[in-house]
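Letter by letter, the chains look like this.
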Amino acid sequence: MVQRPASAHPNALPAPRRAGATRLRRVLLGLLGVAAFIALWKLAYVFNWAPRGTIPDPFVVPAALWREYSGGRLIPAIGSSLVHYVWGLGIGTLLGFGIGLLAASLRVFDDAHYMLARILRPIPPLAWVVFAIAWFQVSHAGAAFVISIGVFWVNYFATASGVRDVDPRYYELARAFGHGGFFKRITSITLPGAAPSILSGVRTGVGQAWMTLIAAELLGVPGMGQEMNSAAGVGAYDAVVVYMLAISLIYTLSDGLFALVENRALRWRP
Amino acid sequence: MTARRKALLTLDDVGYRYPGSDRLVFEGLDFSIGAGEFVALVGGSGVGKSTVLRCVAGLIEPGVGRIDTPSRTDHGTRPSAVVFQDTRLLPWRSIRANVGYGLSGLGLSRAKRDARIDEVLELIGMAELGGRWPHEISGGQAQRVGLARALAVRPHILLMDEPFSAVDALTRTRLQDELLTIWQRLNMAVLFVTHDIAEAAYLAERVCVMRGTPARLVFDEAVPAPYPRERDDQGLNAFAQRVAAAL
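Residues numbered from 1 in each chain as written. Chains lettered and ligands numbered in written order. Predicted model: local features only at pLDDT ≥ 70, side-chain atom pairs only at ≥ 80, totals over all residues. Heavy atoms only, no water.

Draft legend 1. Quick peek at the overall build of chain B. Scanning chain B from terminus to terminus reveals 7 helices and 9 strands. Relative to the compact-globule value of 18 Å for 247 residues, chain B shows a C-alpha radius of gyration of 18 Å, a close match. A principal-axis box enclosing the C-alpha atoms of chain B has dimensions of 45 × 45 × 35 Å. In chain B, which comprises 247 residues, the share counted as buried stands at 53%. For chain B, the exposed surface amounts to about 10800 Å²; the carbon and sulfur share of it is 47%. Here chain B contributes 30 positively and 29 negatively charged side chains, and the mean placements of these two sets differ by 5 Å. (Helix = DSSP H or I, 4+ residues; strand = E, 2+ residues; numbered from the N terminus. Rg over C-alpha atoms; globule rule 2.2 N^0.38 Å. Buried < 20%, exposed > 50% of the residue type's maximum accessible area, 1.4 Å probe, protein only. Areas by Shrake-Rupley, 256 points an atom, 1.4 Å probe, with all protein chains shown as cover. Lys, Arg positive; Asp, Glu negative; His and termini not counted. Charge placed at Lys NZ, Arg CZ, Asp CG, Glu CD.)

Set out below in structure tokens:
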């Protein structure tokens, strides 16, 4: 039987060229989607699809960006938001990870706290804003507190379920090779075995923190949320869009950075 | 008949019942393994062969009787090491790191640990593959790595739980021959659990058979064939038939 070479097929391209063409097509279609969205936005502005003045002209956004930057509002607002973000994310992640690990590793701790967790879990992070203001006033600490609550639950559940899902046969292996003690078992089996779930929780928390952050700042804590609120108060909706795009950019950067860390840490996966 | 050597491992009237059950899986197990001796433990499904091995490894406590294992070991070694049927390589560790898993905590310097890993990787013919991840190697190679991990701790007794049952026939044959070469070179005792009679007869110096409910030791004889052995050796086949009859 004569075999026809794969490249003889009329639609066949060498693999790298085919992959390159697919990627280019995807980028072009993606740009087309963005352009279509901007066109729709422009139409909404021109034909007043919302109450007059509440939809800014998309083409004035670059000018608004320059205005916010040169007016000395954009960078300090980003800086302030990042302070809330880093503290809220850090504290929520560490506590969620630690308590999730304890819950899945120590039966007595799990028994003692599961009912409390069921009571507290459904309370949205923003419901804590009242207490945040009462305890920390309108401050960085208050915003970080509210952010950390949302991040905490994400990491708590991701860590606990990841640890519970570690194959118990690995623990037998650890005992067979002298690593049966609590510390060695945790470091050589539990943490690496649960790492995919733990890191996935951390990454979800990275996004969750931004969502809670803006809502927390809308209440007056300095940052991008407060700037958005102030701009909307004077009808400067173009500035609101600037802060929305800034959030999108920073989230994309932080998520991309974390994805690199995650891929590096989990490079052992097929 | 092999000359009896000084007992390294002794099971004295050992029995076991699963937690929460009042039924014994096996009982009255009395046998010993001498230093450097290769013993195969054969039995049908559910007789508790692997449970015996877990008791010997100290992974579970026998409910009845007593097991004497080597309690003192030289610096940098462990009394026993297990080779699992499912290889149980840790997917987040490289092949080298898997092989070295049992070495931490033995008081060896980093250089000595590395040398030990190099030595056993060389022994199993995988010196070039130490940097790979477990998902990047074949089933037969994974079994070799599982063996290397056990050999790295220089155990007095190697405990093997149906280690070749999940690989294809050709690979199994190769692995069996490699195991014999390694055993003869390192002169350690081996307790080899299997349900494959031909494998037990080909590999071991002595074959023990468990049978019944609760299971007992019903057969314990030396294999009447010197090494190196031929797989189609008539004496070996006749012995295998006697083992089969005892099952």
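Draft legend 2. Main features of the nonpolar core. Core analysis: the largest hydrophobic core is formed by 107 residues, its most contacted members being Phe-26, Leu-158 and Val-207 of chain B. Those residues in contact with Leu-158 of chain B that lie beyond four places of it in its chain are Ala-81, Val-83, Leu-147, Ala-150, Leu-151, Leu-179, Met-188, Ala-189, Val-190 and Leu-191 of chain B. With 27 residues, the next largest nonpolar core counts Val-151, Val-240, Val-242 and Ile-247 of chain A among its residues. (Core = buried A, V, L, I, M, F, W, Y, C linked by side-chain atoms within 4.5 Å. Contact = heavy atoms within 4.5 Å.)

Draft legend 3. Inspection of the sheet that holds strand S4 (residues 64-68) of chain B at higher detail. All names here are of chain B. Across the sheet, which stays open at both edges, the 3 strands sit in the order S2-S1-S4 with antiparallel pairing between neighbours. Since the sheet does not close on itself, it has two edges, and those belong to strand S2 (24-34) and S4, each with one partner. Here the average twist between neighbouring strands, direction ignored, is 10 degrees. Note: strand S1 (residues 7-17) against S4, 4 bridges, orientation antiparallel. Counterpart to Thr-10 in the pairing with S4 is Asp-68. Each of S1, S2 and S4 is contacted by helix H1 (residues 49-57), which is oriented at about 120 degrees to S1, the strand it contacts most. (Pairing = 2+ DSSP bridges. Axes fitted to C-alpha atoms, helices over the stretch in contact; angles between N-to-C directions.)

Draft legend 4. Layout of helix H6 (residues 140-164) of chain A. Here H6 of chain A spans 35 Å end to end across 25 residues, near enough to the 36 Å set by a 1.5 Å rise per residue. In terms of burial, H6 of chain A is largely enclosed, as 19 of its 25 residues are buried. (Expected span 1.5 Å × (residues − 1).)

Draft legend 5. Structural context of unusual backbone geometry. Cis geometry marks the peptide bond from Thr-213 of chain B to Pro-214 of chain B; its omega dihedral reads -10 degrees. Assignment of secondary structure puts Pro-214 of chain B in the loop between strand S8 (206-211) and strand S9 (216-222). A cis amide bond links Tyr-227 of chain B with the next residue in sequence, Pro-228 of chain B, at an omega value of -5 degrees. Mapped onto the elements, Pro-228 of chain B comes out in the loop between S9 and helix H7 (234-246). A positive phi angle is found at Asn-48 of chain A, which is not glycine, with a value near 50 degrees. By the element assignment, Asn-48 of chain A lies in the loop between helix H1 (15-46) and helix H2 (61-70).

Draft legend 6. Representation of the domain arrangement of chain B within the structure. Residues and elements named next belong to chain B. For chain B, the assigned domains are domain 1 (7-70 + 156-246) and domain 2 (94-155). Once you take the C-alpha centre of each, domain 1 and domain 2 turn out to be 25 Å apart. Facing 14 residues of domain 1, the contacting portion of domain 2 comprises 11 residues. Counting the surface lost from both domain 1 and domain 2, the interface buries some 1000 Å², and carbon and sulfur atoms represent 73% of this. For domain 1, the biggest contributors to the area lost against domain 2 are Leu-158, Leu-175 and Ile-182; these three give 36% of the whole. The tally of links between domain 1 and domain 2 comes to 1 salt bridge. Between Arg-144 and Glu-178 there is a salt bridge, with its nearest N and O atoms 2.7 Å apart. (Domains from an automatic or database assignment. Buried area = accessible area lost by both parts, 1.4 Å probe. Salt bridge = Lys/Arg side-chain N within 4 Å of Asp/Glu carboxyl O.)

Draft legend 7. Representation of the packing of aromatic side chains in the model. Residues and elements named next belong to chain A. This model, assessed by the stated rule, comprises 23 aromatic pairs over all chains. When the ring of Trp-66 is compared with that of Tyr-69, the centres are 5.7 Å apart and the planes differ by 40 degrees; the resulting orientation is tilted. Pair noted here: Trp-66 and Tyr-69 are both in helix H2, with a separation of 3 residues, about one helical turn. On the accessibility criterion, Tyr-69 (45% relative accessible area) is partly exposed. (Phe/Tyr/Trp six-rings, centres within 6.5 Å; stacked < 30°, edge-to-face > 60°.)

Draft legend 8. Just the interface of chain A and chain B, in detail. On the chain B side, the residues contacting the 19 residues of chain A number 21 residues. In terms of surface lost to chain B, no three residues of chain A exceed Leu-173, Phe-177 and Trp-268 of chain A, which account for 36% of the buried area on that side. Where chain A packs against chain B, one counts 3 salt bridges. Between Glu-172 of chain A and Arg-88 of chain B there is a salt bridge; the shortest N-O distance is 2.6 Å. Inspection of the region where chain A meets chain B yields 11 residue pairs in polar contact (both at pLDDT 80 or more). Of all the elements in the fold, those that place two or more residues in the side of chain A that touches chain B are helix H7 (168-176) and helix H8 (182-217) of chain A. With 7 residues, the single largest contributor to the side of chain A that touches chain B is H7 of chain A. In the side of chain A that touches chain B, the residues fall into 9 nonpolar, 4 polar and 6 charged. (Polar contact = N/O pair within 3.5 Å; in protein donor to acceptor, adjacent residues only side chain to side chain. Nonpolar A, V, L, I, M, F, W, Y, C, P; charged D, E, K, R; others polar.)

Draft legend 9. Looking closely at the packing of helix H4 (residues 107-120) of chain A against H6 of chain A. Residue and element names in this part refer to chain A. At a minimum axis distance of 13 Å, the contact between H4 and H6 shows a crossing angle of 140 degrees. Taken together, the axis directions place H4 and H6 in an arrangement best described as oblique. Considering the relative orientation of H4 and H6, their crossing is left-handed. Residue-level contacts link Asp-110, His-113, Ala-117 and Leu-120 of H4 to Trp-153, Tyr-156 and Arg-164 of H6. Across the contact of H4 with H6, the residue classes tally to 4 nonpolar, 1 polar and 2 charged. (Parallel < 35°, antiparallel > 145°, perpendicular 65-115°, else oblique. Left-handed = near helix turned anticlockwise from the far one by under 90°.)

Draft legend 10. Quick look at the pairing of strand S3 (residues 38-43) of chain B. Residues and elements named next belong to chain B. Of all 6 residues in S3, 6 are buried; the element is thus mostly enclosed. The side-chain alternation of S3 yields two buried faces, one formed by Phe-38, Ala-40 and Val-42 and the other by Val-39, Leu-41 and Gly-43. Looking at chain direction, S3 and strand S7 (residues 189-194) are connected through 5 bridges and run parallel. Considered in S7, the bridge of Ala-40 is made with Phe-192. Strand direction decides the pairing type here: S3 and S8, joined by 5 bridges, are parallel. Of the residues in S8, the one forming a bridge with Val-39 is Arg-206.

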